[in-house]
Amino acid sequence: MKRRRVLQLGAVLGGGLLRAGELGRPLGPYGERSPFEKAVRWRRESKTPEAGSSFTPLADSYGILTPSALHYERHHGGVPAIDPARHRLILQGMVERPLILTVGEIKRLPSVSRIYVVECGGNSGGEWGAKTAPDVQRSHGLVSCSEWTGVPLKLLFEEVGVRAGASWIIAEGADAGRVQRSIPIAKAMDDMLLAYGQNGEALRPEQGYPLRLIVPGWEGATHIKWLQRIVVADQPYQSRDETSKYTDLMPDGKARQFTFVMEAKSVVTFPSGGQTLPGPGLYELTGLAWSGRGRIERVEVTSDGGRSWQAAQLQEPRLRLAWVRFRLPWRWDGKETVIASRSIDETGYVQPSREALTAVRGTNSGFHYNGIKLWKVGADGRVTNVEA
Ligand SMILES: Nc1nc2c(c(=O)[nH]1)N[C@H]1C(S)=C(S)[C@@H](COP(=O)(O)O)O[C@H]1N2
Ligand SMILES: [Mo]
């Protein structure tokens, strides 16, 4: 193979580029990023500032962890200021021994740390319809991935003793929104976490400080933040947030309810909407893939509008229910083209095209959109939302 020069650095080296070290600023008690780094969450306009969402800048992320300060936010009643010394978790309902726990008591229990995606059921919901999002942050940024630390819920339930016939839990937050969600108890006994840690420190207030549920692979709305109560029951609660909202309207006018699992998805973050390629040449095409059903087995990428698909390189370790970073060297010839990715998970499920998805689900679903995302690269290097 002919050796190609990847980047042309040689000529500029020599004068004036390297600075002598100046005396820097002193040590600091809590770190901050460089003032030259500008990526921020984008906040969608909402009627009230407390109830709203902000989006993770996916195109500015490296690897598979979202820095806590950039984790997306979705609140229905603002971020409460909770003093952990005064916070309590109540476990009641169909249990042998109802319990009230302090945060300190919870932290004493055996714990685990796991890397998991949290994704809002409404993420990329704009793609059902007008698709006006100019960039990947706004089209797909209601998803983040963190390392969560906490107590397996199973362990707590073994402490309180679940009564025969119990089949659901109802979790309640301490925020003004009083968000309540019903979750099948089988999920709680499987892999749910009562989390207090995020990326090596306490949860951020926006993420539910001091306690939240993590429901691996299931839609964000079930991951109750500022958790203050779990009621064990023999039926779901049919709360506002699982009846009037968070249901999927189907083409026949019926609505699907309790669609918990987030199906396999992926998105190219470079090149993606709003970016400009400076010219033809070698680039690293990259993006993120995840599935609520388990491990990502394969990600395929097209850079010719879907005529051919090529397997991307997957960064190890490939963790279940976490982001997988994919990459592929890509030589852009300077012509207009369309790029996209599709993910395949360990169950064999293949991320569908928009056409295949809307053929089954119609276009009024609102939630749970996981179609293949296309980006157009113009001959001028500008990348745009192909469906806009
Ligand atoms: N108590 C409470 N829990 C909540 C919410 C809320 O408003 N209040 N929003 C839910 C929704 S819809 C989502 S998508 C996730 C968002 O979690 P994050 O803000 O940490 O990203 O939290 C869920 N848990
Ligand atoms: Mo959500």
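Residues numbered from 1 in each chain as written. Chains lettered and ligands numbered in written order. Predicted model: local features only at pLDDT ≥ 70, side-chain atom pairs only at ≥ 80, totals over all residues. Heavy atoms only, no water.

## A word on the nonpolar core
Counting 32 residues, the largest nonpolar core has Leu153, Phe157, Ile169, Leu213, Leu227 and Ile230 as the members making the most contacts within it. Elements represented by at least two residues in this core include exactly β4 (88-93), α1 (103-108), α3 (153-160), β8 (168-173), α4 (185-190), β10 (193-198) and β13 (227-233). Per-element tally for this core: the top contributor is α3, with 4 residues. The residues touching Leu213, leaving out its near neighbours within four places in the chain, are Leu153, Ala171, Ile183, Met192, Leu193, Thr222, His223, Ile224, Leu227 and Ile230. By size, the runner-up hydrophobic cluster in this structure holds 29 residues, among which are Val117, Val136, Val143 and Trp332. (Core = buried A, V, L, I, M, F, W, Y, C linked by side-chain atoms within 4.5 Å. Buried < 20%, exposed > 50% of the residue type's maximum accessible area, 1.4 Å probe, protein only. Helix = DSSP H or I, 4+ residues; strand = E, 2+ residues; numbered from the N terminus. Contact = heavy atoms within 4.5 Å.)

## Structural notes on α3
Looking at α3, one finds that the buried residues are Leu153, Leu156, Phe157 and Val160. Taken end-on, α3 shows its buried residues confined to a sector of 100 degrees, consistent with a single buried face. Phi turns positive one or two residues past the end of α3, at Gly161, with a value near 70 degrees. (Arc of directions from axis to C-beta.)

## As for the site of ligand 1
Near ligand 1 there are 20 residues, and of these Tyr72, His76, Asp175, Arg212 and Lys225 occur at the shortest range. In the model, an oxygen atom of ligand 1 is placed 3.2 Å from a nitrogen or oxygen of the His71 side chain. One nitrogen or oxygen atom from the side chain of Arg212 is found 2.8 Å from an oxygen atom belonging to ligand 1. Against a free-state accessible area of 530 Å², the protein chains account for coverage of 100% of ligand 1. The site holding ligand 1 turns out to be the largest cavity. Here the element with the most residues in the shell around ligand 1 is strand β3 (residues 73-75); it accounts for 3 residues. (Near = heavy atom within 4 Å. Polar contact = N/O pair within 3.5 Å; in protein donor to acceptor, adjacent residues only side chain to side chain. Areas by Shrake-Rupley, 256 points an atom, 1.4 Å probe, with all protein chains shown as cover. 1 Å grid on protein atoms, 1.4 Å probe; cavity = no way out; pocket = protein on both sides within 12 Å on 5 of 7 lines; lining within 4 Å. Sits in = over half its atoms within 2 Å of the grid points.)

## Some words on empty space enclosed by the protein
Using the criterion set out here, one finds 2 cavities of 30 Å³ or more in the structure. Taken as a whole, the largest cavity spans an internal volume of roughly 250 Å³. Lining the largest cavity are 20 residues, with Arg74, Gly220, Ala221, His223 and Lys225 sitting closest to its centre. Grouping the amino acids of the lining of the largest cavity by side-chain chemistry returns 8 nonpolar, 7 polar and 5 charged. Counted as a void, the second largest cavity has a volume near 70 Å³. Around the second largest cavity, the lining residues are Val117, Val118, Glu119, Gly217, Trp218, His223, Met262, Trp290, Ser291, Gly292 and Leu321. For the lining of the second largest cavity, the leading source of residues is strand β6 (residues 112-119), giving 3 residues. Residues that form the lining of the second largest cavity fall into these classes: 6 nonpolar, 4 polar and 1 charged. Of the residues that make up the lining of the second largest cavity, three or more belong to each of domain 1 (53-256) and domain 2 (265-385). (Points joined across faces, edges and corners; volume = space filled by probe spheres on them. Nonpolar A, V, L, I, M, F, W, Y, C, P; charged D, E, K, R; others polar. Domains from an automatic or database assignment.)

## Considerations on the environment of Trp290
Along the polypeptide, Trp290 turns up in strand β17 (residues 281-290). The class for Trp290 is buried, based on a relative accessible area of 2%. Considering only alpha carbons, one finds Trp290 and Arg327, 37 residues apart in sequence, at a separation of 14 Å.

## Quick notes on the sheet that holds strand β18 (residues 296-302)
Pairing within the open sheet is antiparallel, and its 5 strands lie in the order β19-β18-β22-β23-β24. Every other strand in the sheet has two partners, leaving β19 (310-311) and β24 (383-385) as the edge strands with one partner each. With 6 bridges joining them, β18 and strand β22 (residues 337-345) adopt antiparallel strand pairing. Bridge assignment links Val299 to a residue of β22, and that residue is Ser343. (Pairing = 2+ DSSP bridges.)

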